[in-house]
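# A closer look at the structure
Read off the chains here:
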Amino acid sequence: MDVKLAQRLQISTAWTDSEKFVREHPTSSLRFAWRLKGKQKFPAFVSAYFLPARNKNRHRSVSLEVLCSYKNSPVMESGSSHASCDEYLILKNKSQEVEPYINGRCIYLVGMMGSGKTTVGKILSQVLGYSFCDCDTLVEEEVDGTPVAEIFKLYGEGFFRNKETEALQKLSMMHRLVVSTGGGAVVRPINWKYMQNGVSVWLDVPLEALAQRIAAVGTNSRPLLHNDSGNEYTKVFRRLSTLLEERGECYANANVRISLENIAMKQGYRDVSSITPTAIVIEALEQIEDFLARGGH
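It should be emphasised that the depicted structure is a prediction, and the values quoted were computed from it without experimental measurement.

## What about the side chain of S180?
By the element assignment, S180 lies in strand 8 (residues 177–180). Dropping the residues within four chain positions of it, S180 is found in contact with L109, K117, T118, F132, C133, D134 and C135.

## Thoughts on helix 5 (residues 135–142)
Helical geometry: 3.6 residues make up each α-helical turn, so side chains three or four residues apart lie on a common side. Three or more residues of helix 5 are buried, namely C135, T137, L138 and V139. At the N-terminal boundary of helix 5, the capping side chain belongs to D134, with an oxygen 2.9 Å from the backbone nitrogen of D136. Two residues or fewer after helix 5 comes D144, characterised by a positive phi angle close to 55 degrees.

## A closer look at the pairing of strand 9 (residues 199–204)
One face of the sheet, then the other: side chains in a regular strand alternate in exactly this way. In terms of burial, strand 9 is largely enclosed, as six of its six residues are buried. The two faces of strand 9 match: V199, V201 and L203 on one face and S200, W202 and D204 on the other face are all buried. Direction of pairing for strand 6 (residues 107–110) relative to strand 9: parallel, over a ladder of four bridges. Among the inter-strand pairings, V110 is bridged to a residue of strand 9, identified as W202. Relative to strand 10 (residues 256–259), strand 9 runs parallel, the two being bridged by four bridges. Paired with L203 across the strands is I258, a residue of strand 10.

## Some remarks on the confidence of the model for the protein chain
Counting all residues, the mean pLDDT for the protein chain is 77, and 67% of those residues have values of 70 or more. Note on residues 10–22: pLDDT under 50 across the span, and 26 contacts to partners over four residues away in sequence or across chains. The model gives residues 24–82 a pLDDT under 50, and that stretch makes 114 contacts with residues more than four places away or in other chains.

## What to know about the nonpolar core
It is characteristic of soluble globular proteins that their nonpolar side chains tend to be buried jointly. Core analysis: the largest hydrophobic core is formed by 64 residues, its most contacted members being I107, L128, V201, L240 and I288. The element that contributes the greatest number of residues to this core is helix 12 (residues 277–293), accounting for nine residues. Discounting residues that sit within four places of it in the chain, V201 has contacts with I107, Y108, L109, V110, A254, V256, I258 and I288. With six residues, the next largest nonpolar core counts V143, V148, I151 and F160 among its residues.

## As for the sheet that holds strand 6
Taken in spatial order, the five strands line up as 7-8-6-9-10 in an open sheet, and their pairing is parallel. With one partner strand each, in any of the chains shown, strand 7 (131–134) and strand 10 form the two edges of the open sheet. Ignoring strand direction, the axes of neighbouring strands in this sheet form an average angle of 20 degrees.

## Here we look at helix 10 (residues 232–251)
The largest bend along helix 10 measures about 45 degrees and falls at E245. All buried positions along helix 10 are accounted for by K235, V236, L240, L243, R247, G248, C250 and Y251.

## Brief notes about the environment of S125
Inspection of the secondary structure assignment puts S125 in helix 4 (residues 117–128). Judged by its relative accessible area of 4%, S125 falls in the buried class. Spatially, the C-alpha atom of S125 lies 9.0 Å from that of V179, the residues being 54 residues apart in sequence. Every residue in contact with S125, bar those within four places of it in the chain, is listed here: Y130, S131, F132 and V178.

Scoring rules and cut-offs
- Residues numbered from 1 in each chain as written.
- Predicted model: local features only at pLDDT ≥ 70, side-chain atom pairs only at ≥ 80, totals over all residues.
- Heavy atoms only, no water.
- Helix = DSSP H or I, 4+ residues; strand = E, 2+ residues; numbered from the N terminus.
- Contact = heavy atoms within 4.5 Å.
- Buried < 20%, exposed > 50% of the residue type's maximum accessible area, 1.4 Å probe, protein only.
- Polar contact = N/O pair within 3.5 Å; in protein donor to acceptor, adjacent residues only side chain to side chain.
- Pairing = 2+ DSSP bridges.
- pLDDT = per-residue confidence, 0-100.
- Core = buried A, V, L, I, M, F, W, Y, C linked by side-chain atoms within 4.5 Å.
- Axes fitted to C-alpha atoms, helices over the stretch in contact; angles between N-to-C directions.
- Bend = angle between axes of the 7 residues up to and from the residue.

Shown next as structure tokens:
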């Protein structure tokens, strides 16, 4: 697993260099929107426009759109989230504030299936300059690329949980990782022992929102949701309710709890579906900083 693990841990960060862009594309233009953050002004890169070389006496114009960036700021993966430039500026500022406190500690994301651990984890790892690791993927690679649902079917849940614990043990000896754990990783006390070397963060999402997300994409990849009857939403909601009843106290062991309902209330939304992943990451960074500033670990 060690070799495979090393191959999985990669940082994907892109940088915008406006001077280089204009130098390489003399017919180009860049559009900036200035944002005020405290007493400092940041140029937020909104879009680029340039004309490639002539082709049979005709120009072809190309327009490039970027969600948001500013000098020396990473650009998030295309399609990873939709957020305002203000959110990205806050995100970058908050990551710089928390850096002295976190000091290379790993961050372990826990929560129910469908809570957004992978999406949030990738953004969090990018802004901190960490590597991202999905624990389920490590287990799959350890079992010759067999999908989690198939592992459950062929070998049983106990086999999967043992492999999951082995993966967390190896990860606990590393640094500067954001780890997305499986939904049931919290039920084993030994897993908490391994995660206590870092900071554990619970993504607490209302059951209704979880059921809607999972029902929309199907349950084929969710081995614990296969056997119930009824329509997709009802089946998922009923099973998730049982799982949360079993695991709720375990999730509460996390160092930090990110309640999407609380975020929605603060931002004036009626439900959590309007919250961007970036807003969740900002909340996570704020609470991680508060936990560590109060002497956590």
